[in-house]
Amino acid sequence: MEMIGPLGIVIAIIFIILMAMKGYNIIYIAPLASIIVILTNQMDFFSSLIGKENSYMTGLTGFVVNFFAVFLLGSILAKYMEQSGAAQSIAQKVLSITGTEKPFSVLVAIFLISSILTFGGISLFVVLFVIIPLARPLFKQLNIAWNLIVIPVYIGIGTFTMTMLPGTPSIQNVVPIPYLGTTLTTAPLLGIIGSVVAVTFGLWYMNYTLNKSLANGETYAQFNADDQSKHELKEKTPSFIMSIIPILLLMVVNLTGSALEIPNTILIGLGVAVISCAICYHKYIPSQKAVLNAGGQSSINPIFLTSSAVAFGIVVTTAPGFKFISDLILGIPGDPLVSLSVAAGALSGITGSSSGALGIVMEVFAETYLAMGVSPEAMHRVGAIASSALTIMPHTGVVLSLLALTGLTHKNSFKYQFITMTFANIFALIAVIVAAIIIY
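Please read all numbers here as calculations on a predicted model, not as lab measurements.

On to a nonpolar patch on the surface. Together, Leu-189, Leu-390, Phe-423, Ile-426, Phe-427, Ile-430, Val-434, Ile-438, Ile-439 and Tyr-440 give the surface a local cluster of nonpolar side chains, amounting to about 920 Å² of exposed area. Ranked by residue count, the leading element in the nonpolar patch is helix H21 (residues 410–439), at 7 residues. With respect to the helices and strands, Phe-427 occurs in helix H21.

Shown next, in the form of structure tokens:
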């Protein structure tokens, strides 16, 4: 009977993965999976689901309270950059520098554009809307296999700019701060080491796969690359210099605020960036009100998807059966950072959300690891990187969005998505853990 609780948790996890892969929204899958956990662990039904302490609802609302401002301002900034044409202007400038004559230079340009935009605080979903229309005619002109587009995109949006580079404004770099008392630039050396490893692997894999594809005679039309995107390029856009002003301001505020340990630096930086967008891009945007409204509305879905995953995690971690799983994690031999990585990586695969997995890990394990004497700086950087290790799964939102925009399928592109992001992050994680053990 004592194994029914852990078994119920496993069943709930399988349920949430299978349902997500079938296209059901996690907003209502998560509470259903939570009910499975509650019933199999003989927990009080209503207090575990809607109670005022350690319930599904408190997990959901707690995450929203802590991070809604980040999602809101980030979403508004993304809308300004998208609708003004600033993101497009940055992309076209990078392409003019790298050139469009050689296949590898085009892939490098796409990687650089993705990296610049995401490090500048722009939502990865907006980056996809910018990149795909720009890349499509280039791939067609050079007759490059269209399914290769996923490799440079994921190196840019899903590796070093998401969890490693010091000062990155990504939500994954923000989540650990309230739990550990760290900053956006925490453990810069670890972040740089991870970035070098991830980018090196990514560029090597991109070159290897491109050469293999060319040798096999694969072409653009071979992958049924019908344009599924309704996003059109703007004719009138801000200059490159004007386009990067909000991004530069965001970076300066983030780096300065972190160095001075100013609270809520990310909110200040995003606020400054949004205001500068409103000033710089007013003549490129028909309606400021429309941009603000669109930004506000588009922030709702991402935060509730993530908070739903966190809320499910709260129910799981308060269930009696979780002690068995927790003991297994804490009992992993070696440095505590290894078990922390296993926990974050496993939960990212389960939830399909790196930020959601990181929120669960910080909520459940942060105090335990701090009490063990683990460095909060090392925990921040290692936990963030580990949370992205297995987040690329068939049911992950960014995977489904990319497939919809490109016209590709799981069959002809998921392998490249998984290898690019998972291997780059795991190799970086190993290097960072080794460095952290030596340094801290």
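Picking up after the structure, the text goes on.
By the definition in use, this model includes 15 aromatic pairs. Ring centres 6.4 Å apart and planes at 65° place the aromatic pair Phe-63 and Phe-71 in the edge-to-face group. Residue classification places Phe-71 among the buried positions, given a relative accessible area of 14%. Between Phe-201 and Phe-427 the ring centres are 5.3 Å apart and the planes differ by 70°, which places this aromatic pair in the edge-to-face class. A residue pair is termed long-range when its members are at least 10 positions apart, and Phe-201 in helix H12 (residues 188–215) and Phe-427 in helix H21 qualify at 226 residues.

Our focus in this paragraph is the packing of helix H8 (residues 150–158) against H21. Remark: H8 packs on H21, axes separated minimally by 9 Å, with the N-to-C direction vectors making an angle of 35°. Between H8 and H21 the crossing geometry is right-handed. Across from Val-150, Ile-151, Tyr-154, Ile-155 and Gly-158 in H8, the residues of H21 making contact are Ser-413, Tyr-416, Gln-417, Thr-420, Met-421 and Asn-425. Across the contact of H8 with H21, the residue classes break down as 6 nonpolar, 5 polar and no charged.

What counts and how
- Residues numbered from 1 in each chain as written.
- Predicted model: local features only at pLDDT ≥ 70, side-chain atom pairs only at ≥ 80, totals over all residues.
- Heavy atoms only, no water.
- Patch = residues over 30% accessible without salt bridge, like charges linked within 9 Å, V, L, I, M, F, W, Y side chains within 5 Å.
- Areas by Shrake-Rupley, 256 points an atom, 1.4 Å probe, with all protein chains shown as cover.
- Salt bridge = Lys/Arg side-chain N within 4 Å of Asp/Glu carboxyl O.
- Helix = DSSP H or I, 4+ residues; strand = E, 2+ residues; numbered from the N terminus.
- Phe/Tyr/Trp six-rings, centres within 6.5 Å; stacked < 30°, edge-to-face > 60°.
- Buried < 20%, exposed > 50% of the residue type's maximum accessible area, 1.4 Å probe, protein only.
- Axes fitted to C-alpha atoms, helices over the stretch in contact; angles between N-to-C directions.
- Left-handed = near helix turned anticlockwise from the far one by under 90°.
- Contact = heavy atoms within 4.5 Å.
- Nonpolar A, V, L, I, M, F, W, Y, C, P; charged D, E, K, R; others polar.

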